[in-house]
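# Tertiary structure, described
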Number of protein chains: 2
Amino acid sequence: VLTLRPSLPRVDPARAERAAILLDRALGGSKVLTARDLCEPFARDESEAIGESPDIVVHAASADDIQTTLRIANEAGVPVTPRAGGSGRTGGAVPVCAGIVLATAAMTSIKEIDKTDLLVVAEPGVILSDLQDAVEREGLFFPPDPSSATYCCLGGNVAANAGGPRAFKYGSVNRYVLGLEVTLMDGTRLQTGRRTMKGVTGYDLTSLMVGSEGTLGVISEVTLRLVPKPPAVGTLLALFDHVRAAGAAVRDIVARGLVPRCLEILDATTLEAVRRSGVPIDTRAGAMLLIEVDGEPATCEVELERVGEACSTSGAIDVLVAQDAAQRDRLWKARKEMSRAVRALTKNKLSEDVVVPRSRLVDLLDQVDRISESSGVKMLSYGHAGDGNLHVNFLWNDPDELPRVDLAIERLFREVVAMRGTLSGEHGIGVLKAPYLPLEQSADLIAVQRKIKATLDPAGLLNPGKIFPVLGHRDC
Amino acid sequence: VLTLRPSLPRVDPARAERAAILLDRALGGSKVLTARDLCEPFARDESEAIGESPDIVVHAASADDIQTTLRIANEAGVPVTPRAGGSGRTGGAVPVCAGIVLATAAMTSIKEIDKTDLLVVAEPGVILSDLQDAVEREGLFFPPDPSSATYCCLGGNVAANAGGPRAFKYGSVNRYVLGLEVTLMDGTRLQTGRRTMKGVTGYDLTSLMVGSEGTLGVISEVTLRLVPKPPAVGTLLALFDHVRAAGAAVRDIVARGLVPRCLEILDATTLEAVRRSGVPIDTRAGAMLLIEVDGEPATCEVELERVGEACSTSGAIDVLVAQDAAQRDRLWKARKEMSRAVRALTKNKLSEDVVVPRSRLVDLLDQVDRISESSGVKMLSYGHAGDGNLHVNFLWNDPDELPRVDLAIERLFREVVAMRGTLSGEHGIGVLKAPYLPLEQSADLIAVQRKIKATLDPAGLLNPGKIFPVLGHRDC
């Protein structure tokens, strides 16, 4: 059941106090905050989850600070919630039993960009768009591009295995992480992975860390593989009377062997919200595809033409191709305005990021309409059609509506799993989706993950209450 | 220290006998072999490692057979060595304490190819080239292409995270595995991962299994992501007087933002071996690059031209571009003949597959020459220059030379690690490289991997003696 205020028994204040004294002594007062008003903001992240205000916030400046903090916390038995940008959408950075928030946002160094080895080495507090800009200045490209790029941090991108619209061609963050410097709860600092493009020495602990939402270790350095910056980008917008036609176009694009870097879909309700916010969109349109290709200029042109053909064949009302950067920005306007436009519709919004096999995308959109009708909850969808990754938004004004929202979410998840899909494509599980994990994963699969967690963090002190459904006290 | 005959204490014969009776009863006699002459061939794989003849060989026909075998073995305390194609190069499929070989080569079904979802579902015994052919007939493409493609099996490709020459553009097998059906030593059968392109629910157990060399679980089904088959391929061969010039060309190609799918290098000694086997190669040539691009025909042409420019600028003696399929085959001839040609040079050959950052490739080639000179061991190198992944071959005739070979290997590994490289790019650790793992990985990193292994297989019965250096009895 959806709980916006998840909690575990609060850490014993005496332990927290002891940890605060030890941390203050080891790190110096400027890095260790305990004042209520300074700690309070760390009770929340960008999600709807409402956490507990931490007893202590540590602003780490180095891997050593992270190691010291974890060692002290482990010895004192005080839970630690790691946090980089705090831009997560499922409460992964929200403390559920107070304790320590270990913030790495101050670790903002881009240590190295190598143009021959095509890699970048950076700290977890680097803002993603800063990293993108820095490597693009060198003619390189880091493809993952979640919509939070201007304020999310690399550490969180890695911990959550972030995605974004370019994943259809380029994949999510996990495809780019070569190696990590990561500290376990007991203070063991590991260098996982490598600096080389290939490597099969031992278990892939790097991938085990990526997407583990800060429950297995705290990242202090990331080595990312880069690709050459594509010399050209082509953008196309297609309008359809119904999502069914847009879905057919997606299928046709894939059948033609085309791999656009973005293949975004907006449904009728989303388009209506965007219209209301002042962006003019053909009123006949009940669905939009926004498609972007990249590569050599000549290839882009050929590919855009074929994408346009696929849209027209599938019954597009209108197909617009950007001729320059200004037009490109105009085509992206509806997509960029969307989040704000949707937010304006109601007081409360919860966005799920389910994924189904690409072939079931239209079925999923149909189901969303049906669930909205039967539950009476306003719902709308947009997302990454190429990946079958839909952001289904649940909108409500009154807290009384929450039980209905909860039922609608659960019904959505059940339908998604029945379509052989998954609960989350890029947001992760955090606390908000933890209760639903058993809908997708078997008891055995969850048990094995808990065992691995317990191996690295026997006392369950690192980011407790995340990913796995809470069974009892301090079960994490 | 290199040991070609690794061994652990042989399993208690009474236990093995008991397991054989239980397996025979549960699976039927045709799947359970105990006759010495039928078991003997399973003591070896394609590597130089010499294993113990197993007491029992089980030919599994299904996931149920795998589960039954592991349950019985676990209860009887008999070690199990999983095996698919047995084409590994480091002894990963070689039993080191007898017991059971669990063969999955008979599980050869390609269950499903989906052209919209761009995926294939197949069993572990499918020969890789059969899989490649099947998906290519549908206009799809599975890029990993190790040189053993015509006889290696998918299960081993996944267990070893196989690579091959196309990895520069397309990555290794891990980039394509969406999900696995895998059974742990205690018989727990898991469905890891998913059928969708994206997914961040829980830990990435799929990636943990990929490359774990059969030490964590036995694979019964693989779901692979595919890409559209590239419509065109272009091939270019460039000859250089020295590897230094070839290395400069590789650097220039990368600097131009080009991403050929293959970027293969052959050193002077390798070329000489190929010449001796009857393939005519310009005698001035001391290095060869074989380069392949793919994509839209127009793009291929442009890219080949730029690749050719880079080679000429770096001082190529000759640059040949294939005009048709027959010419393409001719250009590949030297590369394909190479393995046989090298094998003809001496009685014994051991091929390491080290990787360094691409920028250190020429330094590595220099080091190989120096090590060969100082150790007196004949060495030659070829491999995947784009990835910095070099196959360094150690050649010898007489068993007396082994200590010198061992020293040369260790020196190579130390140099590779000093260049921030890795011991293995595609072969894995198996038994042959296990003694050297601590050269690359810290004691803490190895300890964490051992802990994870012990969590899933407390008695150390699944593929014992692999990856980790053996400390004492049955330490695996």
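Parameters and conventions
Residues numbered from 1 in each chain as written. Chains lettered and ligands numbered in written order. Predicted model: local features only at pLDDT ≥ 70, side-chain atom pairs only at ≥ 80, totals over all residues. Heavy atoms only, no water. Helix = DSSP H or I, 4+ residues; strand = E, 2+ residues; numbered from the N terminus. Rg over C-alpha atoms; globule rule 2.2 N^0.38 Å. Buried < 20%, exposed > 50% of the residue type's maximum accessible area, 1.4 Å probe, protein only. Contact = heavy atoms within 4.5 Å. Areas by Shrake-Rupley, 256 points an atom, 1.4 Å probe, with all protein chains shown as cover. Lys, Arg positive; Asp, Glu negative; His and termini not counted. Charge placed at Lys NZ, Arg CZ, Asp CG, Glu CD. Least-squares fit on C-alpha atoms with pLDDT ≥ 70 in both. Pairing = 2+ DSSP bridges. Axes fitted to C-alpha atoms, helices over the stretch in contact; angles between N-to-C directions. Buried area = accessible area lost by both parts, 1.4 Å probe. Salt bridge = Lys/Arg side-chain N within 4 Å of Asp/Glu carboxyl O. pLDDT = per-residue confidence, 0-100. Phe/Tyr/Trp six-rings, centres within 6.5 Å; stacked < 30°, edge-to-face > 60°. Expected span 1.5 Å × (residues − 1). Polar contact = N/O pair within 3.5 Å; in protein donor to acceptor, adjacent residues only side chain to side chain. Parallel < 35°, antiparallel > 145°, perpendicular 65-115°, else oblique. Left-handed = near helix turned anticlockwise from the far one by under 90°. Nonpolar A, V, L, I, M, F, W, Y, C, P; charged D, E, K, R; others polar.

## Comments concerning the overall build of chain A
Of regular secondary structure, chain A possesses 15 helices and 18 strands. Computed over its C-alpha atoms, the radius of gyration of chain A comes to 23 Å, within 12% of the 23 Å expected for a compact globule of 476 residues. Expressed as lengths along the three principal axes of its C-alpha atoms, the size of chain A is roughly 65 × 55 × 40 Å. In chain A, which comprises 476 residues, the share counted as buried stands at 65%. Summarising the internal contacts of chain A: among those between residues at least 6 apart in sequence, 73% fall at separations of at least 24. When the accessible area of chain A is evaluated, it comes to approximately 16,500 Å², of which 48% is carbon and sulfur surface. Within chain A, the 62 negative side-chain charges are centred at a point lying 1 Å from the centre of the 54 positive side-chain charges.

## Quick notes on the relation of the copies chain B and chain A
Once chain B is rotated about the relating axis by 180 degrees and shifted along it by 0.0 Å, it coincides with chain A to within an RMSD of 0.0 Å. Seen this way, the second copy is the image of the first under a two-fold rotation axis. In this assembly, 99% of the residues forming the interface of chain B have copies in chain A that are likewise at the interface, indicating an isologous arrangement.

## Some words on the sheet that holds strand β18 (residues 389-396) of chain A
Residue and element names in this part refer to chain A. Strand order across the open sheet formed by seven strands is β15-β12-β14-β13-β17-β18-β16, with antiparallel pairing between neighbours. Because the sheet does not close on itself, it has two edges, and the strands there are β15 (318-321) and β16 (348-355). Each adjacent strand pair in this sheet contributes to an overall mean axis angle of 15 degrees, direction not counted. The pairing of strand β17 (residues 378-384) with β18 spans seven bridges and is classified as antiparallel.

## A closer look at the interface of chain B and chain A
Residue-level contacts link 77 residues of chain B with 76 residues of chain A. Counting the surface lost from both chain B and chain A, the interface buries some 6,200 Å², and carbon and sulfur atoms represent 61% of this. Of all residues in chain B, Lys198, Val200 and Tyr203 of chain B give up the largest surface area on contact with chain A, accounting jointly for 16% of the area buried on that side. Between chain B and chain A we count six salt bridges in total.

## Notes on the pairing of strand β2 (residues 56-59) of chain B
Residues and elements named next belong to chain B. Bridging between strand β1 (residues 32-33) and β2 involves two bridges; their strand directions are antiparallel. By the bridge assignment, Leu33 is partnered in β2 with Val57. Note: β2 against strand β4 (residues 100-103), four bridges, orientation parallel. Note that in β4 the partner of Ile56 across the bridge is Ile100.

## What about the confidence of the model for chain A?
Residues and elements named next belong to chain A. Averaged over chain A, the pLDDT score is 95; the fraction of residues at 70 or greater is 99%. Contacts of residues 472-476 to residues separated by more than four positions or lying in other chains number 17 contacts, the stretch itself having pLDDT below 50. Predicted complex, confidence summary: ipTM 0.97, pTM 0.97.

## Some details on the environment of Ser372 of chain B
Residue and element names in this part refer to chain B. For Ser372, the location among the structural elements is in helix α12 (residues 361-375). A C-alpha to C-alpha distance of 8.7 Å links Ser372 and Phe394, two positions 22 residues apart in sequence. Residue contacts for Ser372: discarding those within four places in its chain leaves Val377, Lys378 and Met379.

## A closer look at the pattern of salt bridges
All names here are of chain A. Under the definition given, this model contains 64 salt bridges over all chains. We note a salt bridge from Arg244 to Asp366, for which the minimum N-O separation is 3.0 Å. Of this pair, Arg244 sits in helix α8 (residues 243-255) while Asp366 is found in helix α12 (residues 361-375), placing the two residues 122 residues apart along the sequence. Accessibility expressed as a relative area gives 16% for Asp366, which makes it buried. Between Glu352 and Lys433 there is a salt bridge whose closest N-O contact spans 3.2 Å. Of this pair, Glu352 sits in strand β16 while Lys433 sits in the loop between α13 (402-418) and α14 (437-440), and the two are 81 residues apart along the sequence.

## Remarks on the packing of aromatic side chains
Residues and elements named next belong to chain A. One pass over the full model with this rule turns up eight aromatic pairs over all chains. Seen from their ring centres, Phe142 and Tyr176 are 5.8 Å apart, and the 80 degrees between their planes marks the pair as edge-to-face. Here the residue Phe142 occupies a position in the loop between β7 (140-141) and α5 (154-160), and Tyr176 occupies one in the loop between α6 (167-170) and β8 (177-183), the gap between them amounting to 34 residues. With a relative accessible area of 0%, Phe142 lands in the buried category.

## A short note on α12 of chain B
All names here are of chain B. Between its terminal C-alpha atoms α12 stretches 21 Å, which fits the 21 Å expected from 15 residues at 1.5 Å a residue. All of the buried residues in α12 are Leu361, Val362, Leu364, Leu365, Asp366, Gln367, Val368, Ile371, Ser372 and Ser375. Following α12 by one or two positions, Gly376 adopts a phi angle in the positive range, close to 75 degrees.

## Some thoughts on the sheet that holds β1 of chain B
All names here are of chain B. Taking strand neighbours across the sheet as the criterion, the four strands line up as β1-β2-β4-β3 in an open arrangement whose pairing is mixed. Edge positions in the sheet fall to β1 and β3 (80-83), since each has one partner strand and no second. Contacts from helix α1 (residues 13-27) reach β1, β2 and β4, with the element oriented near 20 degrees to β2.

## Describing the side chain of Arg275 of chain B
Residue and element names in this part refer to chain B. Here Arg275 lies in helix α9 (residues 268-276). Taking relative accessible area as the criterion, Arg275 reaches 17% and is therefore assigned buried. Here Ala285 takes part through its backbone oxygen, which lies 3.0 Å from a polar atom of the side chain of Arg275. In contact with Arg275, not counting residues within four places along its chain, are Ile281, Asp282, Thr283 and Ala285.

## Re the packing of α12 of chain B against helix α13 (residues 402-418) of chain B
All names here are of chain B. Contact pair α12 / α13: the axes reach a minimum separation of 10 Å and the direction vectors enclose 155 degrees. If you check the angle between α12 and α13, you find them roughly antiparallel. Relative to α13, α12 is oriented so that their crossing is right-handed. Seen from α12, the contacting residues are Leu364, Gln367, Val368, Arg370, Ile371, Ser374 and Ser375; seen from α13, they are Arg404, Ala408, Arg411, Leu412, Glu415 and Val416. Taken together, the residues of the contact of α12 with α13 sort by class into six nonpolar, three polar and four charged.

## What about the environment of Thr192 of chain A?
Structurally, Thr192 of chain A is set in strand β9 (residues 189-193). Overall, the relative accessible area of 4% leaves Thr192 of chain A in the buried class. Sequence spacing of Thr192 of chain A and Leu180 of chain A is twelve residues, and the spatial spacing of their C-alpha atoms is 5.2 Å. What Thr192 of chain A contacts, discounting residues up to four positions off in sequence, is Leu178, Gly179, Leu180, Val182, Leu205 and Thr206 of chain A together with Leu445 of chain B. In this structure the side chain of Thr192 of chain A is engaged in a polar contact, spanning 2.9 Å, whose partner is the side chain of Thr206 of chain A.

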